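Examination of the molecular architecture
Listed below are the residues making up each chain.
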Amino acid sequence: MRTDERTTLIDELVLANHILFNRGVVDAFGHVSVRDERDPQRFLMARNMAPAQVSAQDVMAFALDGTPLGEDARKPYLERFIHGSIYRARPDVGAVVHSHSAAVIPFGIVAGVPLRPVCHMSSFLGDGAPIFEIREAAGPENDMLVRDERLGDALARTLGASPAVLMRGHGSTVVGRTVRHAVFRAVYTEINARLQAEALRLGPVTYLSEPEARGASLANESQIDRAWELWSCERPALSVL
Ligand SMILES: [Zn+2]
């Protein structure tokens, strides 16, 4: 990757942080990372701070085991292992969003009501998102956080080949090929959760069928930049932060 390409990658990562805040996916907590295309064994992510306040100088580089690179002594996110483990397990993944977006959480804690696509924009959810039960990996004495590589690997195993994994009593993690792809999916995962919860209150829900989900997901692939460009326009509101 040339220097200007790397700068673009960092700029997109910064913008992703802001968009995810503007769209209600992250608040003071949550994080987004991108695989370093120059070295796929590394990823880039902000230091430990609120996403809305991230700028290019806050971006750190990490090895896939979560070790900060370049003798960077700044405080990293506690749950950086989510990202490294997923990049190691999923060569197809180029970006990861971890959040505590509120509407998704109920679907990780209520047995028998899986998060499934109810509209075409969230069709990438396919046949539903798996749920990570941290007690199975960490035992009954845990603090709910994916705070080491072993737990990161367990989360990546639960994610499997899916686009998203729900984390019981905690939040969710969404992956994509690029930063834009992961952000698109994270935003529409939250929207789907809101719509699905509303629909379930009204009565029996008709979900997208498997061929509908597959077809709509394919159709949306070419529309991701359109959403990104709109959401990018919201950035000036954050310049006062
Ligand atoms: Zn978390």
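Preceding block: the structure.
Structure report, in brief.

So, how was this worked out
- Residues numbered from 1 in each chain as written.
- Predicted model: local features only at pLDDT ≥ 70, side-chain atom pairs only at ≥ 80, totals over all residues.
- Heavy atoms only, no water.
- Phe/Tyr/Trp six-rings, centres within 6.5 Å; stacked < 30°, edge-to-face > 60°.
- Helix = DSSP H or I, 4+ residues; strand = E, 2+ residues; numbered from the N terminus.
- Donors = N, O, S within 2.8 Å, 3.2 Å for Na, K, Ca; no water.
- Tetrahedral: all angles 85-135°; square planar, octahedral: opposite > 155°, others 65-115°.
- Buried < 20%, exposed > 50% of the residue type's maximum accessible area, 1.4 Å probe, protein only.
- Pairing = 2+ DSSP bridges.
- Contact = heavy atoms within 4.5 Å.
- Axes fitted to C-alpha atoms, helices over the stretch in contact; angles between N-to-C directions.
- Core = buried A, V, L, I, M, F, W, Y, C linked by side-chain atoms within 4.5 Å.
- Salt bridge = Lys/Arg side-chain N within 4 Å of Asp/Glu carboxyl O.
- Arc of directions from axis to C-beta.

Focus on the packing of aromatic side chains
In this description, a pair of aromatic rings is defined by centroid distance and the angle of the planes. All told, the structure shown has five aromatic pairs when counted by the stated rule. Both rings, one in F184 and one in W231, keep their centres 6.5 Å apart while their planes meet at 35°; by these two values the pair is tilted. Within this pair, whereas F184 is found in helix α6 (residues 179-202), its partner W231 is found in helix α8 (residues 224-232), the two being separated by 47 residues in sequence.

Regarding the coordination of the zinc ion
Perfect tetrahedral coordination of a metal by four donors corresponds to 109.5 degrees between them, and perfect octahedral coordination by six donors corresponds to 90 or 180 degrees. Bound to the zinc ion on the protein side are E79 (OE), H98 (NE2), H100 (NE2) and H170 (NE2), at distances that span 2.1 to 2.2 Å. In this structure, the zinc ion is surrounded by four donor atoms whose angles at the metal cover 93 to 149°, and the resulting shape is irregular. Donor residues for the zinc ion, ordered by position in the chain, follow E-x18-H-x1-H-x69-H. Of this pair, E79 sits in the loop between β3 (59-63) and α2 (81-89) while H170 sits in the loop between β6 (164-167) and β7 (171-176); the two residues are 91 residues apart in sequence, bridging distant segments of the chain. Each member of the pair E79 and H170 is classed as buried.

Structural notes on the sheet that holds β7
One open sheet accounts for seven strands, arranged β3-β2-β1-β4-β7-β6-β5; its pairing is mixed. Edge positions in the sheet fall to β3 and β5 (131-132), since each has one partner strand and no second. Strand direction decides the pairing type here: β5 and β6, joined by two bridges, are parallel. Of the residues in β6, the one forming a bridge with I131 is L166. This element, α2, spans β1 (31-35), β2 (42-46), β4 (95-99), β6 and β7 of the sheet and lies at about 145° to β4.

Concerning the nonpolar core
Burial of nonpolar side chains together is a common tendency in soluble globular proteins. Counting residues in each nonpolar core, the largest one holds 67 residues, and the members touching the most others are L20, L44, I86, F132, V183 and W231. Contact partners of I86, with chain neighbours within four places excluded, come to V93, V96, A156, L159, T173 and V175.

Digging into the pattern of salt bridges
Under the defined criterion, the tally for this structure stands at 15 salt bridges. Among the salt bridges present, the one from E12 reaches R180, with a minimum N-O distance of 2.6 Å. Of this pair, E12 sits in helix α1 (residues 3-22) while R180 is found in helix α6, placing the two residues 168 residues apart along the sequence. Owing to a relative accessible area of 18%, E12 belongs among the buried residues under this scheme. Here R168 and E133 are joined by a salt bridge, their closest N and O atoms 2.6 Å apart.

What about unusual backbone geometry?
Phi at E71 takes a positive value of approximately 50°, unusual for a residue other than glycine. Relative to the helices and strands, E71 is located in the loop between β3 and α2. Assessed through its relative accessible area of 81%, E71 is described here as exposed. Positive phi, normally seen in glycine, also occurs at M144, with a value near 75°. Turning to its location among the elements, M144 is positioned in the loop between α4 (134-138) and α5 (149-159). What makes M144 partly exposed here is its relative accessible area of 24%.

Examining the pairing of β2
With four of five residues buried, β2 is to be regarded as a mostly interior element. As defined by bridge partners, β1 adjoins β2 across three bridges and the pair is classed as antiparallel. By the bridge assignment, V34 is partnered in β2 with L44. Hairpin connection from β1 to β2: six residues lie between these consecutive antiparallel strands. Relative to β3, β2 runs antiparallel, the two sharing five bridges.

Thoughts on α2
Most of α2 is tucked away: seven of the nine residues are buried. Buried within α2 are the following residues: F81, I82, H83, G84, S85, I86 and Y87. Against β1, β2, β4, α5, β6 and β7 lie the buried residues of α2.

Details of α8
Residues of α8 that are buried: I224, A227, W228, W231 and S232. Projected down its long axis, α8 shows its buried positions confined to an angular sector of 135°, all on one face. Across from the buried face of α8, at angles greater than 90 degrees, the exposed residues are R226 and L230.

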